[in-house]
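One letter stands for each residue in the lines below.
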Amino acid sequence: MQAKILTVTLISIVLLVADVYVISGIRGAFPKWRFVQKKSFTTIFLTLSVLLIIALYVGVYIKINVGVRAALMLVFFLQAIVKAVFVLFVFMDDIRRFIKRLFIRDKKQPEEVPAPVNEPENKLPAIPRSEFLLKAGLLAGMVPLAAMGYSSMTSVYDYQVRRRKLYLPNLPKKFDGLLLGQISDIHSGSFYKKKAVLGGVEMLLAEKPDLIFFTGDLVNDIAPEMRDYQDIFSKVKAPLGVFSTLGNHDYGDYAWWPDAAAKKKNLDDLKATHKNMGWDLLMNTHRRLKVDGEEIGILGIENWAAISRFPRYGRMDLATKNTDDLPVKLLLSHDPSHWRAEVLPKYPQIDAMFSGHTHGMQFGVRTEEYQWSPIKYVYNEWAGHYHENNQQLYVNVGYGFIGYTGRIGILPEITIFELKAGHDPNPAWI
């Protein structure tokens, strides 16, 4: 936690220092605009910067609505990117001015050009900033904002199939080579294109997985959000079954209810939706998955989060009860912070855990070799494959979206694992 605080603080200080540079660049880009030349412009600009930094701290450390939190962090990092791009152009202009000043100094011949009486002999003429270069910098800085608008229309349904081999040393031979599919964070209340949603389901089914995991957040707030999409996700079937669990949004904690009975009915309706789709909802329990007489354990718990603003309904003691004889245990747990907070220190018998929740904040960079998102300052494990000692975690960045209707760099994910008996010969945990 201290490392995260230090990182966020360092980012804040760097941005405030850069703001002085940005203000200088804006004044050079618009020399005829009286307002930007005044001290009041500097005051307003720096005040807004401080407010955005406060928004960052609120988004990281304060218990608020998850959609609002994501929006605050997204706005902060977008403006930071805009400033970073603009500063590069301001720096280029400073280099231009420095070279030009050197050229003037070399060419100056003071013995032939008498200096004015009231002006120091060695004073060089002021070199104005390049309006063209600085305006080009502002235009380039707007590219991330344009990307945000474009992604709102396209990227949210640009489903990506990510394939991984999942090596499990104790995996029974009958399970070797089976395909496991995972989707997470459907958030049906955010969808607005049924055909596109169906396209993603068809992509999943085209992989022909032998079993499928869904790791929570079927809705944003209330069960009726699934009314228009239950028929689509009812198509998600697999020979060995579809196993699901609940996420923090599924409990109705973020909606207003007239009384406790109404909230309970909503949760019951959501559980019924899982059943109607043919999904086996695991709530602090487990299933024995059998193939030709050999077994592994599929465990699922209710939401359990290390971060206090999210609920802790999960009971690992109940989910692991009577599972000691199972050679492999695969755990569905929505929030990845559960892995480091409870699974690693208390349940070493869990071979692999499958999570979602983070969405990769729907903003960042993700390739096969590298990934970054602002969400990394909140979660140690936020996307992809992680390994510690003999235990593994995979964090799916989500099928749907919430808060911001778009994705930049972190695209919706369908994960396909090939189960392999043995140790990974080339471990690379991303």
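- If you check an unreviewed UniProt entry, the chain appears there as Metallophosphoesterase from Mucilaginibacter roseus.

Quick look at the overall build of the chain
For step 1, the next point in the chain: When helices and strands are tallied, the chain shows 10 helices and 14 strands.
For step 2, the next point in the chain: For the chain, contacts bridging at least 24 residues in sequence account for 76% of all contacts bridging at least 6.
For step 3, the next point in the chain: Total accessible area computed for the chain in this model is approximately 20600 Å², and 61% of it derives from carbon and sulfur atoms.

Some thoughts on the sheet that holds strand 3 (residues 211-215)
For step 1, the next point in the chain: If you trace the six strands from one edge of the open sheet to the other, you get 1-14-2-3-4-5, paired in mixed fashion. The sheet is open, and its two edges are formed by strand 1 (160-168) and strand 5 (280-281), each paired on a single side.
For step 2, the next point in the chain: Taken together, the two bridges between strand 4 (residues 242-245) and strand 5 define a ladder with parallel strand orientation. Paired with Phe243 across the bridge in strand 5 is Asp280.

Regarding the UniProt feature "transmembrane region" (unreviewed entry) in the chain
For step 1, the next point in the chain: Under the present numbering, the feature "transmembrane region" (unreviewed entry) in UniProt falls on residues 6-30, 42-64, 70-91 and 132-153.
For step 2, the next point in the chain: A helix fraction of 96% and a strand fraction of 0% characterise residues 6-30, whose end C-alpha atoms lie 36 Å from each other.

Structural notes on the sheet that holds strand 7 (residues 294-300)
For step 1, the next point in the chain: The strand order 6-7-8-9-13-12 describes an open sheet built from six strands, whose pairing is mixed. Each edge of the open sheet carries a strand with a single partner, namely strand 6 (285-291) and strand 12 (384-388). Across the sheet, the axes of successive neighbouring strands diverge by a mean angle of 20 degrees, strand direction being ignored.
For step 2, the next point in the chain: The pairing of strand 9 (residues 352-355) with strand 13 (residues 391-395) spans four bridges and is classified as parallel. Across the sheet, Ser355 pairs through a bridge with Val395, a residue of strand 13.

Here we look at a nonpolar patch on the surface
For step 1, the next point in the chain: Residues Leu16, Phe35, Ile44, Leu48, Val50, Leu51 and Ile54 make up a contiguous nonpolar surface patch of about 610 Å² in total accessible area.
For step 2, the next point in the chain: No other element matches helix 2 (residues 39-61), which puts five residues into the nonpolar patch.
For step 3, the next point in the chain: Its place among the elements puts Leu51 in helix 2.

Remarks on the pattern of salt bridges
For step 1, the next point in the chain: All told, the structure shown has 19 salt bridges when counted by the stated rule.
For step 2, the next point in the chain: A salt bridge links Arg288 to Asp325, with the nearest nitrogen and oxygen atoms 2.7 Å apart. Residue Arg288 is located in strand 6, and its partner Asp325 is located in the loop between helix 9 (316-319) and strand 8 (329-332); the two are separated by 37 residues in the primary sequence.
For step 3, the next point in the chain: Linked through salt bridges whose partners overlap, the residues forming this network are Lys165, Asp176, Glu418 and Lys420.

Structural notes on unusual backbone geometry
For step 1, the next point in the chain: With a phi close to 50 degrees, Asp292 is a non-glycine residue in the positive phi region.
For step 2, the next point in the chain: Its place among the elements puts Asp292 in the loop between strand 6 and strand 7.
For step 3, the next point in the chain: The backbone of Asn322 sits at a positive phi, close to 65 degrees, despite the residue not being glycine.
For step 4, the next point in the chain: Of the residues examined, Asn322 reaches a relative accessible area of 58% and is grouped as exposed.

A word on helix 8 (residues 260-276)
For step 1, the next point in the chain: The end-to-end C-alpha separation of helix 8 is 24 Å, in line with the 24 Å expected for 17 residues at 1.5 Å each.
For step 2, the next point in the chain: Along helix 8, the residues classified as buried are Asn266, Leu267, Leu270, Thr273 and His274. Buried residues of helix 8, viewed axially, fall in a sector of 110 degrees; they line one side. Helix 8 presents Ala261, Lys264, Lys275 and Asn276 as exposed residues on the side facing more than 90 degrees away from its buried surface.
For step 3, the next point in the chain: Buried residues belonging to helix 8 abut strand 3, helix 7 (230-233), strand 4 and strand 5.
For step 4, the next point in the chain: Of the residues flanking the start of helix 8, the one acting as N-cap is Asp259, its side-chain oxygen 3.2 Å from the backbone nitrogen of Ala261.
For step 5, the next point in the chain: A positive phi of about 85 degrees marks Gly278, the residue just after helix 8.

Focus: the pairing of strand 3
For step 1, the next point in the chain: Of all five residues in strand 3, five are buried, a share of seventy percent or more.
For step 2, the next point in the chain: Where burial is concerned, the two faces of strand 3 agree: the one with Leu211, Phe213 and Thr215 and the one with Ile212 and Phe214 are both buried.
For step 3, the next point in the chain: Here four bridges tie strand 2 (residues 179-183) to strand 3, and the two strands are oriented parallel to one another. Directly across from Ile183, in strand 3, lies its bridge partner Phe214.
For step 4, the next point in the chain: In this fold, strand 2 hands off to helix 6 (residues 194-206), which returns the chain to strand 3; that crossover is right-handed.
For step 5, the next point in the chain: Relative to strand 4, strand 3 runs parallel, the two sharing four bridges. Within the sheet, the bridge partner assigned to Thr215 lies in strand 4 and is Thr245.

Here's the deal with the environment of Met277
For step 1, the next point in the chain: By the secondary structure assignment, Met277 is in the loop between helix 8 and strand 5.
For step 2, the next point in the chain: Measuring from C-alpha to C-alpha, the distance between Met277 and Phe233 comes to 6.8 Å, with 44 residues separating the pair along the chain.
For step 3, the next point in the chain: Setting aside its immediate chain neighbours within four residues, Met277 contacts Leu218, Met226, Gln230, Phe233, Ser234 and Lys237.

Let's talk about the environment of Gln79
For step 1, the next point in the chain: Within the fold, Gln79 resides in helix 3 (residues 66-107).
For step 2, the next point in the chain: For the pair Gln79 and Met142, spaced 63 residues apart in sequence, the C-alpha to C-alpha distance is 9.3 Å.

Remarks on the side chain of Asn266
For step 1, the next point in the chain: Tracing the backbone shows Asn266 in helix 8.
For step 2, the next point in the chain: For Asn266, the contacting residues outside a window of four places in its chain are Asp221, Ile222, Ala223, Pro224, Asp250, Gly252 and Trp257.

Section: the packing of aromatic side chains
For step 1, the next point in the chain: Scanning the entire structure with this criterion turns up 18 aromatic pairs.
For step 2, the next point in the chain: Here the aromatic rings of Phe191 and Tyr229 are separated by 5.3 Å at their centres, their planes lie at 55 degrees, and the arrangement is tilted. With Phe191 in the loop between strand 2 and helix 6 and Tyr229 in the loop between strand 3 and helix 7, this pair connects stretches of sequence that are 38 residues apart. The residues Phe191 and Tyr229 share a single accessibility class, namely buried.
For step 3, the next point in the chain: Pairing Phe213 with Phe354 gives two aromatic rings, centres 5.1 Å apart and planes at 75 degrees, and the pair type is edge-to-face. With Phe213 in strand 3 and Phe354 in strand 9, this pair connects stretches of sequence that are 141 residues apart.
For step 4, the next point in the chain: What links up through ring pairs into an aromatic cluster is the set Tyr157, Tyr159, Phe191, Tyr192, Tyr229, Phe233, Tyr399 and Phe401.
For step 5, the next point in the chain: Sitting over the face of the ring of Trp304, Arg312 holds its NZ or CZ atom 4.2 Å from the ring centroid.

Calculation notes
Residues numbered from 1 in each chain as written. Predicted model: local features only at pLDDT ≥ 70, side-chain atom pairs only at ≥ 80, totals over all residues. Heavy atoms only, no water. Helix = DSSP H or I, 4+ residues; strand = E, 2+ residues; numbered from the N terminus. Contact = heavy atoms within 4.5 Å. Areas by Shrake-Rupley, 256 points an atom, 1.4 Å probe, with all protein chains shown as cover. Pairing = 2+ DSSP bridges. UniProt positions renumbered as here; feature names shortened; annotations may be inferred. Axes fitted to C-alpha atoms, helices over the stretch in contact; angles between N-to-C directions. Patch = residues over 30% accessible without salt bridge, like charges linked within 9 Å, V, L, I, M, F, W, Y side chains within 5 Å. Salt bridge = Lys/Arg side-chain N within 4 Å of Asp/Glu carboxyl O. Buried < 20%, exposed > 50% of the residue type's maximum accessible area, 1.4 Å probe, protein only. Expected span 1.5 Å × (residues − 1). Arc of directions from axis to C-beta. Polar contact = N/O pair within 3.5 Å; in protein donor to acceptor, adjacent residues only side chain to side chain. Right-handed = clockwise from strand over helix to strand, strands pointing away. Phe/Tyr/Trp six-rings, centres within 6.5 Å; stacked < 30°, edge-to-face > 60°. Lys NZ or Arg CZ within 6 Å of the ring centre and 35° of its normal.

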